[in-house]
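In case you want the letters, here they are:
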Amino acid sequence: MSLHELTAHALHEKLKAREISAQELTEAVYERIAEVEPHVKGYLTLTKDIALEQASRADAGFQNGDEMPPLAGIPIAIKDVICTKGVRTTCGSKILENFVPPYNATVMTKLHEQGIVMVGKTNMDEFAMGSSTENSAYQITHNPWDLKAIPGGSSGGSAAVVAANTAICSLGSDTGGSIRQPAALCGVVGMKPTYGRVSRYGLVAFASSLDQIGPFTKDVTDCALLLNAICGSDAMDATSVDVPVPDFTQALINDVEGLKIGVPKEYFTPALDTEIADSVYAAIAVLEGLGATVEEVSLPHTEYAIATYYIIAPAEASANLARYDGVRYGYRTENPEALISMYKKTRSEGFGEEVKRRIMLGTFALSAGYQDAYYKKAQKVRTLIKSDFDAAFEKVDVIATPTSPTPAFKIGERTADPLQMYLSDVMTTPASHAGLPGISLPCGLVKSGLPIGLQLLGAPFAEENVLRVAYTFEQNTEHHRQKPQIQTNGDV
Ligand code: GLN
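Bear in mind the structure is a predicted one, so any value in this text is a computation, not a measurement.

1. Points about the overall build of the protein
Piece 1. Each helix and strand in the protein was counted, giving 15 helices and 11 strands.
Piece 2. Its C-alpha atoms give the protein a radius of gyration of 21 Å, within 12% of the compact-globule value 23 Å for 492 residues.
Piece 3. In terms of overall dimensions, the protein has C-alpha extents of about 65 × 50 × 50 Å along its principal axes.
Piece 4. Residues counted as buried form 61% of the 492 residues belonging to the protein.
Piece 5. For the protein, long-range pairs separated by at least 24 residues make up 76% of all intrachain contacts whose partners lie at least 6 apart in sequence.
Piece 6. Surface accessibility of the protein: about 18400 Å² in total, with carbon and sulfur atoms responsible for 51%.

Quick look at the structure:
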């Protein structure tokens with residue numbers, strides 16, 4: 001296998017044994033980028049100079065025989081919503097086209113402490129609003145499994161670069177499914193940790209009560225390694241929770257004997273693609289065969305999750321995005337006549353359609369006279385959704401569902417109908433409301449060759465249960481070994 005195809009943990013062994021250098025590894029990843037990135041378009045910015053310098057620093061450590069952290073010298077891509085000091089961070093928006101953060105997000109500080117190699121910043125839906133990465137102001141990212149299909153979103157770039165082997169792993173953010181859904185559609189592992197597990201300091205805010213950073217990886221072991229690196233409370237984020245961070249690699253136990261897996265009947269509706277339902281049922285049967293107890297559970301408020309999400313997330317977004325006013329940073333209109341017109345023009349020219357739609361929806365839902373009817377009601381329903389999960393986790397350790405109701409759809413297929421696009425999140429938003437940890441991992445392919453994701457959810461701060469079930473599934477199946485063949489002979 002070529003170096004860019006390997007996992008971080010396999011590469012760490014080679015780096016430690018000095019069979020390879022981080023420099024060579026980094027060059028191999030950029031060679032791969034030269035070959036397939038023109039077709040995939042997963043990156044908005046490449047940081048090769050920084051990467052090579054970081055690689056040489058990692059090499060010096062390995063040569064000294066220092067005890068090197070597991071991610072030292074590993075090429076990692078970062079979603080362009082995470083602030084990287086001195087490196088442009090656009091959030092996929094024109095309004096931040098030239099924004100260079102003067103500081104690092106806490107997750108970046110933590111990754112740099114590990115000695116990672118930063119490959120570049122990945123494409124995304126503008127301000128993480130979308131399910132297909134088509135809302136990026138810059139480019140469309142193509143799914144490595146089918147270049148005519150979307151990679152999912154909003155972290156479509158971060159998922160696609162891992163699937164395309166143009167990074168070894170990556171970071172994304174998940175507000176209503178933006179890590180789990182693209183992971184499913186690109187056939188990689190993606191995990192949203194419990195809300196509060198990872199500091200949001202330096203994550204550009206979309207919906208602050210939902211946003212969470214998490215990893216995309218080629219397998220569950222790498223996922224645990226990245227979680228180890230990024231989790232932990234942070235004085236810079238008051239919503240980060242001060243609970244001990246376990247060594248997540250200790251949860252990589254190939255055994256589910258005695259664990260209880262709940263299957264929520266509300267997720268298996270007639271709207272669910274039958275090939276996906278079959279694969280997910282087959283995955284659950286595998287886990288049962290390996291000793292897990294499987295039982296049906298009910299999450300009765302599931303059907304309200306999307307409507308609730310599309311009140312709460314836009315409401316928070318309308319407040320968070322008020323800061324883009326053309327005054328302090330970011331885009332400013334060319335010819336402002338007066339202050340109010342400067343605000344108006346800056347925001348109309350700087351934001352894309354979907355972002356404007358959300359700001360209007362959110363502002364309406366929060367406005368006097370409507371706040372109780374919409375926002376307050378949505379908050380109450382959110383509590384009911386959370387209570388459903390609390391009751392289910394009294395009985396089971398992990399909940400298994402499909403991640404997405406359909407496989408990757410074609411580019412352009414849903415852009416004309418926002419409601420259709422919003423339905424992509426029907427399986428991921430419920431856990432977001434409840435702040436739960438959730439992973440998506442490959443569990444098969446549909447007949448047309450596109451990947452299917454299995455979603456495993458845990459109780460708050462029970463990432464270890466989720467990882468254990470995911471690891472056992474992966475160790476006993478071959479799905480994660482299936483890789484896309486990128487058709488580089490077609491049109492770019
Ligand atoms: N697709 C959802 C949205 O458009 C979720 C996005 C996300 O998790 N950032 O809001």
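2. Description of the environment of Thr308
Piece 1. Residue placement: Thr308 occurs in helix α9 (residues 305-320).
Piece 2. Thr308 gets classed as buried once you look at its relative accessible area, which sits at 4%.
Piece 3. Sequence-wise, Thr308 and Ala378 are 70 residues apart; in three dimensions their C-alpha atoms are separated by 5.0 Å.
Piece 4. Sequence-distant contacts of Thr308, defined by excluding residues within four places in its chain, comprise Ala378, Val381, Arg382, Ile385 and His433.

3. Notes on the sheet that holds strand β4 (residues 169-174)
Piece 1. The 11 strands are arranged β1-β3-β2-β4-β6-β5-β10-β11-β9-β7-β8 in an open sheet whose pairing can be described as mixed. Each edge of the open sheet is held by one strand with a lone partner, namely β1 (43-46) and β8 (293-297). Strand-to-strand twist of the sheet, defined as the mean angle between neighbouring strand axes without regard to direction, takes the value 30°.
Piece 2. With respect to the sheet, helix α7 (residues 220-230) is in contact with β2 (75-79), β4, β5 (189-192), β6 (212-217) and β10 (438-445), its orientation differing from that of β6 by roughly 145°.

4. Examining the site of the ligand
Piece 1. Close to the ligand lie 15 residues, the nearest being Thr175, Gly176, Ser178, Tyr309 and Arg358.
Piece 2. Here a nitrogen atom of the ligand and a backbone polar atom of Ala128 are 2.8 Å apart.
Piece 3. Between Asp425 and the ligand, the recorded distance is 2.9 Å, taken from a side-chain N or O atom to a nitrogen atom.
Piece 4. Relative to its unbound accessible area of 290 Å², the ligand is 100% covered by the protein chains.
Piece 5. Taken together, the residues that form the shell around the ligand break down as 5 nonpolar, 7 polar and 3 charged.

5. Some remarks on helix α10 (residues 339-350)
Side chains three or four residues apart in an α-helix point the same way, a direct result of the helix having 3.6 residues per turn.
Piece 1. Compared with the 16 Å implied by 1.5 Å per residue over 12 residues, the 16 Å span of α10 between its first and last C-alpha is a close match.
Piece 2. Three or more residues of α10 are buried, namely Ser341, Met342, Thr346 and Gly350. One side of α10 carries all its buried residues, which in axial view fall inside an arc of 140°. Exposed residues pointing more than 90 degrees away from the buried face of α10 are listed as Ile340 and Lys344.

6. Quick word on the packing of α9 against helix α11 (residues 353-366)
Piece 1. Where α9 meets α11, the axes come as close as 7 Å, and the angle between the chain directions of the two elements is 100°. With respect to α11, the axis of α9 lies roughly perpendicular. Judged by residue contacts, Tyr310, Ile311, Pro314, Ala315 and Ser318 of α9 engage Arg358, Ile359, Leu361, Gly362, Thr363, Ala365 and Leu366 from α11.
Piece 2. Across the contact of α9 with α11, the residue classes break down as 8 nonpolar, 3 polar and 1 charged.

7. Some thoughts on the confidence of the model for the protein
Piece 1. Chain-level pLDDT for the protein is 97 on average; 99% of the residues reach the 70-or-more range.
Piece 2. Element-level pLDDT for the protein is lowest in helix α13 (residues 418-422), with a mean of 90, against a maximum mean of 99 in β2.

8. Here we look at the side chain of Glu463
Piece 1. Structurally, Glu463 is set in helix α15 (residues 463-475).
Piece 2. Judged by its relative accessible area of 0%, Glu463 is buried.
Piece 3. At 3.1 Å, the side chain of Glu463 forms a polar contact with the side chain of Arg197.
Piece 4. With sequence-adjacent residues up to four places away left out, Glu463 is seen in contact with Met191, Pro193, Thr194, Arg197, Phe248 and Pro437.

Rules behind the numbers
Residues numbered from 1 in each chain as written. Predicted model: local features only at pLDDT ≥ 70, side-chain atom pairs only at ≥ 80, totals over all residues. Heavy atoms only, no water. Helix = DSSP H or I, 4+ residues; strand = E, 2+ residues; numbered from the N terminus. Rg over C-alpha atoms; globule rule 2.2 N^0.38 Å. Buried < 20%, exposed > 50% of the residue type's maximum accessible area, 1.4 Å probe, protein only. Contact = heavy atoms within 4.5 Å. Areas by Shrake-Rupley, 256 points an atom, 1.4 Å probe, with all protein chains shown as cover. Pairing = 2+ DSSP bridges. Axes fitted to C-alpha atoms, helices over the stretch in contact; angles between N-to-C directions. Near = heavy atom within 4 Å. Polar contact = N/O pair within 3.5 Å; in protein donor to acceptor, adjacent residues only side chain to side chain. Nonpolar A, V, L, I, M, F, W, Y, C, P; charged D, E, K, R; others polar. Expected span 1.5 Å × (residues − 1). Arc of directions from axis to C-beta. Parallel < 35°, antiparallel > 145°, perpendicular 65-115°, else oblique. pLDDT = per-residue confidence, 0-100.

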